[in-house]
Amino acid sequence: MDDKDVGNKYDRQVRLWSPSGQKCLSNSSICLINANTTASETLKNLVLPGVGRITIIDNSRKVTPNDLASSFFLSDSSSDHTRAGRLANTLSALNPDVEILVEQRSLSQLLFIPSYWSEFSCVIVSQFLENADHERLLSDILWRINVCLIEVNSIGFYATLRIKYREQEIVETHDNNTEDLRLDFPWPELQGHIDSINLDELDDQSFSNVPYSIILTKVYQRLHKRTGKRPTPSAVRKFIQSELRRNGEETNLDEASNRAILVLKDSREIPESLTRIFEEGENNDGSADSPFWPLVKALYFFYHKHGLLPLSGVLPDMESDTEQYIALTKLYRDKFEADKKEIKEIFEDQYGGTVSDSYLTTFVKNCKFMRVHRGSRESFKASLLTEESENEDPQRLSNLNIYVGFLALKSFYYEYHRLPSVSDCSELRATAISLLCHYQSVRNFPDGLEKVLDEICRARGSELHNICALIGGIAGQEVIKVITNQYVTLDNCMSFDGIKAQGGTWRI
Amino acid sequence: MNYGEIHVLDLDTIDLSNLNRQFLFRQKDIKASKALTAVKAVQHMNHASKLVAHHGNIMDTKQFPLSFFQGFDMIFNALDNLEARMYVNKVCLFTKVPLMESGTTGLQGQVQPIYPYLTECFACVPKSTPKAFPVCTIRSTPSKPVHCVTWAKNFLFPQLFGPGSSDLIPTKGQNEDDDEDDDETKNSLQEANELIELKFSIVRAAEDLGDSPDYSFVDSIITKIFTEDILRLLRMENLWTSRSKPTPLNYSEYSLVIKNLEDSGLIEDVKLSDQKIGSILENLQTFVKSTIRLTKRLRLEKEIYFDKDDQDALEFVSSSSNLRSYIFDIPLKTEFEVKQIAGNIIPAVATTNAIMAGFSALSSIHYFISGKNSHVAAEASRMVYDSSVPERFVNTSKLAEPNKNCKQCSIVRGIANLDIGTLTLSKFRQQLIEKYHYEDDVAIATSDSRLLYDFDFEDNLERPLKDFIRDGDVLLVSDSEEILDHIELLISDHEGEEIRLPDLTIPPFREQQEEEEEGEEDDEIVAELGNSDGIVILDEEENPLKRSNEETDESSPIKKRKIDNLVVLD
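Residues numbered from 1 in each chain as written. Chains lettered and ligands numbered in written order. Predicted model: local features only at pLDDT ≥ 70, side-chain atom pairs only at ≥ 80, totals over all residues.

1. Re the overall build of chain A
The number of helices and strands found in chain A is 21 helices and 10 strands. On the principal axes, the C-alpha backbone points of chain A span a range of 85 × 55 × 45 Å. Burial status across chain A gives 47% buried among its 508 residues. Taking the intrachain contacts of chain A between residues at least 6 apart in sequence as the baseline, contacts between residues at least 24 apart amount to 75%. (Helix = DSSP H or I, 4+ residues; strand = E, 2+ residues; numbered from the N terminus. Buried ≥ 20, exposed ≤ 12 C-beta atoms within 10 Å, placed from the backbone. Contact = placed C-beta atoms within 7 Å.)

Shown next as C-alpha cells:
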C-alpha cells in the first residue's frame, strides 16, 4: 500500500484525530497482560485503527473451553496453541500494518527488568495479575517512568476500567467551544473595522451580508452605552427586531438573534481547569523535553498582562458574502498570529526555550480548554463511599458498589488463586468487609453491595462476550486518547452495569 | 448469545475505508458483499446460530416484502441514512416488530430500542434535514467553499461523466427582458447546452484515446468552465452590484506547462498531498490528470457516479471546486477537506462501534428474557447515548412515550390481506365500512395523496385495486363523517384469497396537524451538503452478531435460551 492507500484506509478516523494523531498511533507500542476475552476485544479496537506494535504477555497459558465460548478471536481448531499465540495470529490478519508479538518470558521475570517497560506507550492489564506483589511492582515501575497503566475487568454483566497515569497534559481536548468572537472586548483593529461599517448607509443586499458577530458587537456596544451594563440576550434580540430589521428576511439577523446568548460570554473568564493549571504552573519546572510548562507560565504572564487569553483564531461559519467574511477572517487570523508571537517572545525571553511553530499554534488555539490530569496509584479512596452515600445519588452509589465488588474480587483472587462461584458468597463478603475496614470507610456496609457481590459469584468468573465487547470498546478508546494525547481521557475510574445499562465515573 | 437465526442485510460492498473498524473484513475482501462476507466470517468462528446473508437494498419491496420482516422477532438497524431508517421504522410500525435503532458518529453514538406504539418511534422526534442552497448560489454566485464543492460534485461531474442528458435543451424565446432571473435562466440553459457538447467531446475522446492521445478536449473544458462561463456571468451586471466580481481564469498562463506535462506523459504522475492546499497550477494539473483518467475509464464504464472513495472522482471534484473558489475569491480547501464536504463523511472508529453494538445486543435481552413481552421490555429498556462530556461516559434514559402528534406512529394502521387482481375498489370500500363501522362513507387515497375514491368521485369503483396499487403499497382511509380517525392499511397481495382486514381500534377523529415545526437545529448531526443524496449519514455500524455461549452454564444470567429469529441491517 502506498501512502495514499494508508490515508484512505484510516480516512474516517483521521478526521477525528488528524494525521498527527495517526502518526502517534502508528509509532506507539502497547503491552497487554492476560489475553482473555476482554483483552482480545480491546486489542481488536487497537489493531484496526493501526497502532504500531502490540506485545502480549500471557505466561504461556493454553486456550480453555471458557475462552472459546466467549472470544470471537479463538476457535476450536486452535486448542493446542497458546492463547496469546493464537490471538496474535487472528489479530494480525485484521491489519497487516500492526506488529503483534507474544512475549515468551513470564511476567515475574519481566518485572525484574525495569528497562523492559520503557518502550511502551501504554500497558493494559486485563483481569488480575497473579498476586499483590506483581501488582505493586508493575505499578511502581510504570509510575516512575510515567507510562499509563490501564486496568480493565469484566465478569458477568459487570465491568470496570481504571487508569493509573501519573501525569498527562492534554492540549488538544477538542472542546466544542474554541470559537472566540470577543464581542465584549474587540481589539483595536476589530473595533476599527466594526466602526467602519455604518449599517444605516448600507443597501439591503450588503446589509444582509454583514456577519452576525459584527451585528452583535454593535448591538452590545449600543446597549452597553445606554445602560452601563452587559446587555441580556433578550434585550439584544429585541433591539435587533425593533431597530435593525428591514424586510424581515435578513438571515444574518436571524443568526445574530439565535446566537444572542453569546453576549453573556465574558471573554476575560477562564475555566476552572485552566486556573488550576496556572496555579500548578507556578511551581512546576516541568521536564526538559516538553515546552508545556514553560508555555503555561508564558500564557499566565500574557493573561495577567492583558486580562485576556490569546485569541483562538477560530471563527464560525456565518451568513455573509465572500468579501466581508474574508475581511473578518483576516482580522481574526492576524490577531491570533500577533498573540501567538507575543506568547513566543515571552517564552523565549523568560524561559529561554525553543518550541516548534506547530506545537505553539496548537497550544495557543486550545489553551483555554487544556487539561492536566494528575493520576493516583491508590485503588480506593476512603472518602468516596461516605461522600456518595451522603450525596444520595443511588445511581452513582450502585456503580461505585460494582467497583468495590471488583476490588473484593481481586483480594479474593490473590488469596485463593481462583474466581469465586456461588458457594463462595460468604467468603467474598468477608473479603469485602475486611477491605472496607482496611480503607477505614465503613460505618456500615454500603446498600446494594451485597447484591453486587452475589451477582459476581453467580457469574463464576465467566466473561460475557457482549459486555467484553462494550468495555473493550471503551478501553480501546481510552488507550487511543492516551496515545494521541487528544480528547479528554477518563479521570480516572469507571464501572459499567450491564443489568441497568448504566455507567458511572469518578476520581480516586 | 445463541440467537436461533440471524439474517444479515446490506446493499454495499466492502471498501478500503471500512477496514479501520470492521474486524470481520480483510484486505482481500475489498469489493465483496458486506453481508456475505460478514456471515462467512462469523460462520468461520464456529457459530451455533443459523446465519443467512442478503445482499440487497432494504427498501426493495420485491426482495424484501413485508412478509419477510414479519418473520423476525427483532430488527437491528445499523443504517447510515435517514431514508432507510424511516422506512424500516415504518415497516416495524406495520408489523409491530421491535426495532433496535442505532448509529455512531465519531466518538458519539446512540441506541434506541423501539417497541412500536409503546415507546417513541424513530419519527417521533423530528430529525434535522440538511441545509439546502439556492440553485443560483451554486450556479452563479458562490460565496463559500461548500458552494463550489456542490457545484463540482452535483453539477459539473454528473454533466461530464454521469448519465447526464444528451439532448440539447432549446433556449427559451428571445425575449429581451433584463430581469435577473430570466437572464440567469437563459444563461444556465446556454451553459448546459455547451456542457452537453463538452460531454460529447469527452465521449468522442474516450473512444479515440488510444495510441496517440489528443488531450485538446481538456483544454476546451478548462477554457469553457473557468473562463467563458465566468465571462458570461460577468455580463449579467445586476448580479455584481453588491457582490465582488469573479475573475476568469487566465488559462494561457498555465497552458504551456500543462501541455508539456501531457506530452511527456508525466501528467499521470501528478500527485498532491491531500493535506496541503494546492496552488492554482497544481489544481490545474490535478484537474487535467483526473479528467483524462475519468475519460479513459468512461470507455469501459459508460457512466461514472461520484463516489467519495473514487480517487479520480475526488481529485476532479477537489481541483475543479478549488479552481472555481479561486475565481470567486473564496478560500481553497485541501483534498482531505473537500472529501469531507463532498462525501458527507461522518468520522467512524472501531471503538464507538464496538460500544454501541454491545449496547444494541445487550438491550435486546430484555425482550427475549421477558418471553417476548413488549410491555415488559419497553419498561425495562433504556435509550443509551454516550456523551462527549468526559465526566459522564454513558447516559441512559427511560424510553419515552410515543409522540401523540407523530406523523408515523400516532396513526392506526394494519395489514390488509387481499387479492389486488380481483378485488374491486367498490368491494373494498364496502368491506371497510362493514368492518370498521363507518357511519356513512369513506375516502380512500394512496400514500402519495392520489384520491381513489370519495363520495363524489366514483369513477374508479368497478376497477380492481391492481390498477392503482402494487403489493406492499399503503392506502389511507378516512371517515367522510369525520367521526373516526384516519387509518393506514398496508396492502399485502394474496392471489385467490378472500379479503382479510386487520382488527383495529380506531380512535375518534382528530384534526390533521398542520405543518410540523421546523426541527430546531440542535446538536443533531447535520450533513453539510444540500442535494438529493444529502441525507444525514451515519457511517455504518458493525454487525452486532454474537458468539454463542457453548458452555451451558446453569448459573449464567443468560443461559441457553431458545431465541428465534432476528435480522441485522447494515
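We are not done yet, so read on.
2. Overview of the overall build of chain B
Looking only at helices and strands, chain B features 14 helices and 13 strands. In chain B, which comprises 570 residues, the proportion classed as buried is 41%. By sequence separation, contacts in chain B at least 24 residues apart represent 71% of the contacts at least 6 residues apart.

3. Section: the environment of aspartate 11 of chain A
Residue and element names in this part refer to chain A. Along the polypeptide, aspartate 11 turns up in helix H2 (residues 11–26). By C-beta crowding, aspartate 11 is classed as buried, having 23 other C-beta atoms within 10 Å. Sequence spacing of aspartate 11 and proline 394 is 383 residues, and the spatial spacing of their C-alpha atoms is 42 Å.

4. Topic: the sheet that holds strand S1 (residues 29–33) of chain A
All names here are of chain A. Taken together, the 8 strands give an open sheet; going across it, the order is S3-S2-S1-S4-S5-S6-S9-S10, and neighbouring strands pair in mixed fashion. Unpaired on one side and paired on the other, strand S3 (99–103) and strand S10 (502–506) mark the two borders of the sheet. The mean angle between the axes of side-by-side strands here comes to 15 degrees, regardless of whether they run parallel or antiparallel. As defined by bridge partners, strand S5 (residues 148–155) adjoins strand S6 (residues 158–164) across 7 bridges and the pair is classed as antiparallel. Paired with valine 152 across the two strands is leucine 161, which belongs to S6. (Pairing = 2+ DSSP bridges. Axes fitted to C-alpha atoms, helices over the stretch in contact; angles between N-to-C directions.)

5. Section: the domain arrangement of chain B
All names here are of chain B. When the domains of chain B are assigned, the result is domain 1 (3–129 + 347–406 + 523–569), domain 2 (143–329) and domain 3 (412–493). With 5 residues of domain 1 at the interface, the matching set in domain 3 holds 6 residues. Of the residues in the side of domain 1 that touches domain 3, the class split is 4 nonpolar, 1 polar and no charged. (Domains from an automatic or database assignment. Nonpolar A, V, L, I, M, F, W, Y, C, P; charged D, E, K, R; others polar.)

6. A few points about the interface of chain B and chain A
Each partner contributes residues to the interface: chain B has 57 residues there, and chain A has 59 residues. Elements represented by at least two residues in the side of chain B that touches chain A include exactly helix H12 (350–369), strand S6 (382–386) and strand S7 (394–398) of chain B. For the side of chain B that touches chain A, the leading source of residues is H12 of chain B, giving 11 residues. Partitioning the side of chain B that touches chain A into residue classes produces 24 nonpolar, 18 polar and 15 charged.

7. Some details on the confidence of the model for chain B
Residue and element names in this part refer to chain B. Of the residues in chain B, 82% reach a pLDDT of 70 or more, and the chain-wide mean stands at 79. Element-level mean pLDDT values for chain B span from 52 in strand S13 (residues 563–569) up to 94 in strand S3 (residues 74–77). Between residues 166–180, whose pLDDT stays under 50, and residues either more than four places distant or in other chains, the model counts 16 contacts. Taken as a whole, residues 514–564 scores under 50 in pLDDT and shows 133 contacts with residues more than four places along the chain or in a different chain. Among the prediction metrics, the complex's ipTM stands at 0.81, with pTM recorded as 0.82. (pLDDT = per-residue confidence, 0-100.)

8. Digging into the sheet that holds strand S12 (residues 487–493) of chain B
Residues and elements named next belong to chain B. Overall, mixed pairing links the 5 strands, which are arranged S8-S12-S11-S9-S10 in an open sheet. Pairing within the sheet leaves two strands with one partner each, and these edge strands are strand S8 (412–418) and strand S10 (451–453). If you compare each strand with its neighbour and ignore which way they point, the axes differ by 30 degrees on average. Pairing of strand S11 (residues 474–479) with S12 involves 4 bridges; the strand directions are antiparallel. Opposite valine 477, over in S12, you have isoleucine 487 as the bridge partner.

9. With respect to the environment of phenylalanine 120 of chain A
Among the structural elements, phenylalanine 120 of chain A can be located in the loop between helix H6 (107–110) and strand S4 (122–126). In this view, phenylalanine 120 of chain A contacts Ser29, Ile30, Cys31 and Val147 of chain A; residues no more than four positions away in its chain are not counted.

10. Concerning the confidence of the model for chain A
Looking at chain A as a whole, the pLDDT averages 90, with 95% of positions reaching at least 70. The spread of mean pLDDT over the elements of chain A runs between helix H1 (residues 3–9) of chain A, the lowest at 66, and S1 of chain A, the highest at 98.

11. Some thoughts on the nonpolar core
In terms of nonpolar packing, the biggest core is built from 193 residues, with Ile30, Leu32, Cys122, Ile124, Ile471 and Val479 of chain A touching the most fellow members. Grouped together as the second largest cluster of nonpolar side chains are 41 residues, Phe226, Ile267, Leu298 and Ala313 of chain B included. (Core = buried A, V, L, I, M, F, W, Y, C linked by C-beta atoms within 7 Å.)

12. Observations concerning the pairing of S3 of chain B
Residue and element names in this part refer to chain B. Side-chain alternation along S3 places Met74 and Phe76 on one buried face and Ile75 and Asn77 on a second face that is also buried. Bridging between S3 and strand S4 (residues 99–105) involves 3 bridges; their strand directions are parallel. Bridging from a neighbouring strand, isoleucine 75 pairs with leucine 99 of S4. Note on the crossover from S3 through helix H3 (residues 82–95) to S4: the handedness is right-handed. (Right-handed = clockwise from strand over helix to strand, strands pointing away.)

13. Observations concerning the environment of leucine 490 of chain A
Residues and elements named next belong to chain A. Tracing the sequence through the fold places leucine 490 in the loop between helix H21 (465–484) and strand S9 (493–497). A count of 23 C-beta atoms within 10 Å places leucine 490 in the buried class. Expressed as a C-alpha distance, the spacing of leucine 490 and threonine 505, which sit 15 residues apart in the sequence, is 8.0 Å.

14. Focus: the domain arrangement of chain A
Many analyses report the size of an interface as the accessible area lost when the parts associate. By the assigned domains, chain A splits into domain 1 (3–172 + 464–506), domain 2 (188–264), domain 3 (272–374) and domain 4 (382–459). Averaged C-alpha coordinates put domain 2 of chain A and domain 4 of chain A at centres separated by 59 Å.

15. What to know about unusual backbone geometry
Cis geometry marks the peptide bond from aspartate 491 of chain A to asparagine 492 of chain A, where omega comes out at -5 degrees. When you line up the elements, asparagine 492 of chain A lands in the loop between H21 and S9. The phi angle at serine 60 of chain A is positive, at roughly 55 degrees, despite the residue not being glycine. Relative to the elements of secondary structure, serine 60 of chain A occurs in the loop between strand S2 (53–57) and helix H4 (65–70). The class for serine 60 of chain A is partly exposed, based on 14 C-beta atoms found within 10 Å. One non-glycine residue, lysine 372 of chain B, adopts positive backbone phi at about 60 degrees. Note that lysine 372 of chain B resides in the loop between H12 and helix H13 (374–380). For lysine 372 of chain B, a count of 14 C-beta atoms within 10 Å corresponds to the partly exposed category.

16. Regarding helix H11 (residues 335–343) of chain B
All names here are of chain B. Within H11, 7 of the 9 residues are buried, which leaves the element mostly enclosed by the surrounding structure. Among all positions in H11, only Glu335, Phe336, Val338, Lys339, Ile341, Ala342 and Gly343 are buried. Considering only its buried residues, H11 is in contact with helix H5 (145–161) and helix H10 (311–327). Phi turns positive, to about 50 degrees, at asparagine 344, one or two residues after H11.

17. A look at helix H7 (residues 132–144) of chain A
All names here are of chain A. Under the 1.5 Å per step criterion, the end-to-end length of H7 is 18 Å for 13 residues, consistent within 8% with the ideal 18 Å. Taken together, the buried positions of H7 are Leu138, Ile141 and Leu142. Here the buried residues of H7 occupy an arc of 90 degrees about the axis, which is enough to place them on one side. Pointing more than 90 degrees away from the buried face of H7 are the exposed residues Asp133, Asp140 and Arg144. In the core, the buried residues of H7 are packed alongside S4 and S5. (Expected span 1.5 Å × (residues − 1). Arc of directions from axis to C-beta.)

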